Amino acid sequence: MNDPLKDRAAHGLRRTGAGGPGGLRRAVRRPLAWLGAWFRARDPIHQVALGYLAYIIICFGALAAPWAVSAPVPYLDRLFIAVSAVSTTGLSPVDIEEAFTFWGEAAILLTIKAAGLGYLTIGSFVALSLQQRLSAHRESLARASFPLPEGFNPTQFIQRVFWFALLIEMLGVVLLFPQLFYAGADRPLWSAIFHSISAFNTAGFSIYGDSMERFAAHPGILLSIIFLAYLGAIGFIVMSEFWDRFLHPRRKLGFTSRVVLIAMAVHGVGGTALLLLFEPKFMEMSPDFALLNALFQVSMAGTTAGFNTVSLSTIAPATAAAFYLVMAFGAAPAGTGGGLKLTTAAVLWAEIVAVLRRRDRVTLLGYEIPAARVRQASATLAFFLILLGASLFVLLTSEEAPFEVVLFEAVSALTNAGMSMGLTGQLSDVGMAVVILLMFVGRVGILSFGLALAAKDERKDDPEDADVVL
């Protein structure tokens, strides 16, 4: 027999939405709507940082699944690898091939792919495919994710980023697969896919425990990796302008693209020469073998791709010092690489020249650099050094390793270079936390991270002028 009181109570629950599927949907929808409104109210720089944080959480969740691992892996190590994948750094405390199953490797690779394209690129591409335009909100996020020169259309740029990346990675698979197959590599097709995406996104993750050391005598494989890494490091601005020039031959490359290409050439040639002249490992090799491996190692440091063909744990101090500079100033803006960017190095050099020549204006390649860009370059370097100094202080107290080894690890993490002199697998929990933070800062952008931390200046009055002796 039905109880009328229970019937009325159930009816009341359905009316108010407190029970049943509809009520559950509303109960879930409300906090999600609130979270979405809160997120959209943040500054675009904060939104980019939060977006990458969401990528880390998703990747960590995937790696935390029992079917993702083939050996016991501490959860802190899995978090470390998730941050390393999102930041496209490549540092790992464990051997990826031994520790993870195919599904774990796939989770890492998908994370590298999504993060390497930049936050919101994939979502914005889907939105463009459906609506043919970007909302004002997504356009502001695109400009926060990619520092674009004046005149660049964010809508067109995002479409090109997606297609350029996809086509180059497919080309990488075509180049690598037959060479890996004939070299006797394990799982050659999966290896070609994994290393093509990892190289182009300058991630440096490898499914081989020795990175690329087993292929040190295979020029085709190494040159293919160099080719992919440089295409990722030169940035989508340069690629976009090359495409425009292909379509319109009379159109010239922009100022940023010319600075990037010149700086990258100087960077690569100079770094290779330093290794050949001062690193004993290369002096012991035959000339052609030494040239190939020195070029590869400089390219991997400069593009922040992070692969290696020689063990870095025993390199000479002079070589390590050269790597500090190469890793710090390697890639281009709006690309997949990290670091302080080649354009920052070029502007800083132009500023030094202007000061030494007692000029009021800072010029580069015959063009005057706006004062705001000069301040931005100087502030980026200053913040980089502050973060590096603070992290070194903590790491030198928490880790039992020589100074140059700790410095190498910190610079590699902050620039997302992914190279190590053997410290990564020996880090303490405190050390891992510091390196995780450095990798995240490098992914968001050194100056962008500082801007995200800084409080907004609400003062309306102009400050008084005051001279200061420098």
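It should be noted that the structure appears before, not after, this text.
Residues numbered from 1 in each chain as written. Predicted model: local features only at pLDDT ≥ 70, side-chain atom pairs only at ≥ 80, totals over all residues. Heavy atoms only, no water.

Below, the discussion takes up the overall build of the protein. A count of helical and extended segments in the protein gives 21 helices and two strands. Residues counted as buried form 50% of the 470 residues belonging to the protein. If you take every contact in the protein between residues at least 6 apart in sequence, the share linking residues at least 24 apart comes to 68%. Accessible surface for the protein amounts to roughly 23700 Å². Of this, 64% is attributable to carbon and sulfur atoms. (Helix = DSSP H or I, 4+ residues; strand = E, 2+ residues; numbered from the N terminus. Buried < 20%, exposed > 50% of the residue type's maximum accessible area, 1.4 Å probe, protein only. Contact = heavy atoms within 4.5 Å. Areas by Shrake-Rupley, 256 points an atom, 1.4 Å probe, with all protein chains shown as cover.)

Take the side chain of Thr303 next. Tracing the sequence through the fold places Thr303 in the loop between helix 15 (287-302) and helix 16 (317-328). The exposure class assigned to Thr303 is buried, which follows from its relative accessible area of 1%. Polar contacts involving the side chain of Thr303 include one to the main-chain carbonyl oxygen of Ser299, which spans 2.6 Å. For Thr303, the contacting residues outside a window of four places in its chain are Thr202, Ala229, Tyr230, Ala233, Ala331 and Gly337. (Polar contact = N/O pair within 3.5 Å; in protein donor to acceptor, adjacent residues only side chain to side chain.)

With that settled, consider the packing of aromatic side chains. Tallying each qualifying case throughout the model produces 12 aromatic pairs. Ring centres 5.6 Å apart and planes at 90° place the aromatic pair Phe162 and Trp163 in the edge-to-face group. Looking at Trp163, the relative accessible area reads 43%, which means it is partly exposed. Ring pairs connect the aromatic residues Phe102, Trp103, Trp190 and Phe194, which therefore count as one cluster. The residue whose ring lies beneath Arg78 is Tyr75, and the NZ or CZ to ring-centre distance is 4.5 Å. (Phe/Tyr/Trp six-rings, centres within 6.5 Å; stacked < 30°, edge-to-face > 60°. Lys NZ or Arg CZ within 6 Å of the ring centre and 35° of its normal.)

Moving on to the pattern of salt bridges. Two side chains bearing opposite charge may form a pair once their charged atoms approach each other closely. The final tally for this structure, using the stated rule, is four salt bridges. Ionic pairing is found between Glu105 and Arg187, a salt bridge with its closest N-O pair at 3.2 Å. Here Glu105 is found in helix 6 (residues 102-116), whereas its partner Arg187 is found in the loop between helix 9 (154-182) and helix 10 (188-200), with 82 residues between them in sequence. Exposure remark for Arg187: the relative accessible area of 35% places this residue in the partly exposed category. In this structure, Arg214 engages Asp210 in a salt bridge whose closest nitrogen and oxygen atoms are separated by 3.0 Å. Classification of Asp210 by relative accessible area gives partly exposed; the value is 24%. (Salt bridge = Lys/Arg side-chain N within 4 Å of Asp/Glu carboxyl O.)

Attention now moves to the nonpolar core. Counting residues in each nonpolar core, the largest one holds 128 residues, and the members touching the most others are Phe100, Ile108, Phe205, Phe323 and Phe408. Residue contacts for Phe100: discarding those within four places in its chain leaves Leu63, Ala68, Val69, Ser70, Val73, Ile81, Val94, Glu105 and Ile108. (Core = buried A, V, L, I, M, F, W, Y, C linked by side-chain atoms within 4.5 Å.)

Time to look at a nonpolar patch on the surface. A cluster of nonpolar side chains, Leu171, Val174, Leu175 and Phe227, forms an exposed patch at the surface whose accessible area comes to about 320 Å². Looking at which element gives the most residues to the nonpolar patch, the answer is helix 9, with three residues. Overall, Leu175 belongs to the partly exposed group, its relative accessible area being 31%. (Patch = residues over 30% accessible without salt bridge, like charges linked within 9 Å, V, L, I, M, F, W, Y side chains within 5 Å.)

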